[in-house]
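One letter stands for each residue in the lines below.
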Amino acid sequence: MKLHNENGNIFISNEVFTTICGYAATNCFGVRGMASRNVQDGIVQLLRKDSLSKGIKVSFPEGLDLLNIELHIVLEHGVNMPAICGSIVNEIRYNLEKLTSIKVGTVDVFVDGILAN
């Protein structure tokens, strides 16, 4: 993404956005980690901490200065899914807007798995 201010241009790569989202999501209570879906056979994998960005898709709608996020996560068993997903959306929106000054459009959270303690 390219931003322009009075001092010049700033270029931010997608990896910056996905890393911020990954850390914000995994710091929320009840989140076991990010999920990577193997579309070919439908298997969901729990990603290691160094692979947080693989469960996140970032897109920029044409003509808008907004950021849309698609997030795939794995939760702990027995947690309140709507409450945790709402918390994740708020955390991601807050951290991205605070750290990059870019407005967040949509944050779609997909729960791809639940793990027992």
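Our subject is the structure that appears above.
Rules used throughout
- Sequence order sets the numbering: in each chain, residues are counted from 1 along the sequence as written.
- The predicted nature of this model means local features are confined to residues of pLDDT at least 70 and side-chain atom pairs, given and counted, to a pLDDT of 80 or more, with totals for whole chains, interfaces and linings taken over all residues.
- With hydrogens and water excluded, all non-hydrogen atoms of the structure serve as input to the side-chain values.
- Only DSSP runs of H or I with at least four residues qualify as helices, and only runs of E with at least two residues qualify as strands; both kinds are numbered from the N terminus onward.
- In this scheme, a residue with accessible area under 20% of its type's maximum is buried, one over 50% is exposed, and one in between is partly exposed, where area comes from a 1.4 Å probe on protein chains only.
- Residues are treated as being in contact if the distance between any of their heavy atoms lies within 4.5 Å.
- Each accessible area value is a Shrake-Rupley result obtained with a 1.4 Å probe; residue values ignore everything except the protein chains displayed when judging cover.
- Strands qualify as paired when DSSP identifies two bridges or more between them.
- Only C-alpha atoms enter the line fits that serve as axes; for helices the fit covers just the stretch in contact. Angles between N-to-C directions range over 0 to 180 degrees.
- Here the word oblique covers every angle except those under 35 degrees (roughly parallel), over 145 (roughly antiparallel) and from 65 to 115 (roughly perpendicular).
- Crossings are assigned a handedness: left-handed for a near helix turned anticlockwise from the far helix by less than a right angle, right-handed for a clockwise turn.
- Three categories are distinguished: nonpolar for Ala, Val, Leu, Ile, Met, Phe, Trp, Tyr, Cys and Pro, charged for Asp, Glu, Lys and Arg, and polar for the others, with Gly belonging to the last.
- Think of it this way: a Phe, Tyr or Trp ring, Trp meaning its six-membered ring, pairs with another when their centres are within 6.5 Å, and the plane angle makes it stacked under 30 degrees, edge-to-face over 60, tilted otherwise.
- Disulfides are defined as cysteine sulfur pairs within 2.5 Å.

## So, the overall build of the protein chain
Counting secondary structure elements, the protein chain contains two helices and seven strands. Tracing the protein chain from N to C terminus, the helices and strands come up as β-β-α-β-β-β-β-α-β. Sorting the 117 residues of the protein chain into buried and exposed places 38% on the buried side. In the protein chain, the proportion of contacts linking residues at least 24 apart, taken out of those at least 6 apart, comes to 62%. On the protein chain, roughly 7,200 Å² of surface is accessible, and the fraction owed to carbon and sulfur atoms is 50%.

## Examining the pairing of strand β2 (residues 8-11)
In terms of strand pairing, strand β1 (residues 2-5) meets β2 through four bridges, oriented antiparallel. If you follow Asn-5 over to β2, its bridge partner there is Gly-8. Connecting β1 to the antiparallel partner β2 that follows it, the hairpin turn spans two residues.

## Some details on the packing of helix α1 (residues 14-26) against helix α2 (residues 81-100)
One way to put it is that α1 packs onto α2 with a least axis distance of 9 Å and a crossing angle of 140°. Classified by the interaxial angle, the pair formed by α1 and α2 is oblique. For the element pair α1 and α2, the recorded crossing hand is right-handed. Each of Phe-17, Ile-20, Cys-21, Ala-24 and Ala-25 in α1 lies in contact with α2, whose residues at this interface are Ile-88, Glu-91, Ile-92, Asn-95, Leu-96, Leu-99 and Thr-100. In terms of residue class, the contact of α1 with α2 is made up of nine nonpolar, two polar and one charged.

## A word on the packing of aromatic side chains
Tallied over the full model, the rule gives one aromatic pair. Look at Phe-17 and Phe-60: their rings are 5.7 Å apart centre to centre, the planes differ by 65°, and that puts the pair in the edge-to-face class. Of this pair, Phe-17 sits in helix α1 while Phe-60 is found in the loop between β5 (56-59) and β6 (66-76), placing the two residues 43 residues apart along the sequence. Judged by relative accessible area, which is 0%, Phe-17 ranks as buried.

## Here we look at the state of the cysteines
Tallied over the entire structure, the rule returns zero disulfides. Cys-28 forms no disulfide, and the closest cysteine sulfur to it belongs to Cys-85, at a distance of 9.7 Å.

## Here we look at the side chain of His-72
Mapped onto the elements, His-72 comes out in strand β6. Take His-72: its relative accessible area is 17%, and that puts it in the buried class.

## Here's the deal with the environment of Val-89
When you line up the elements, Val-89 lands in helix α2. For the pair Val-89 and Ala-25, spaced 64 residues apart in sequence, the C-alpha separation works out to 8.1 Å.

Don't take any of this as a statement about function, it's just geometry.
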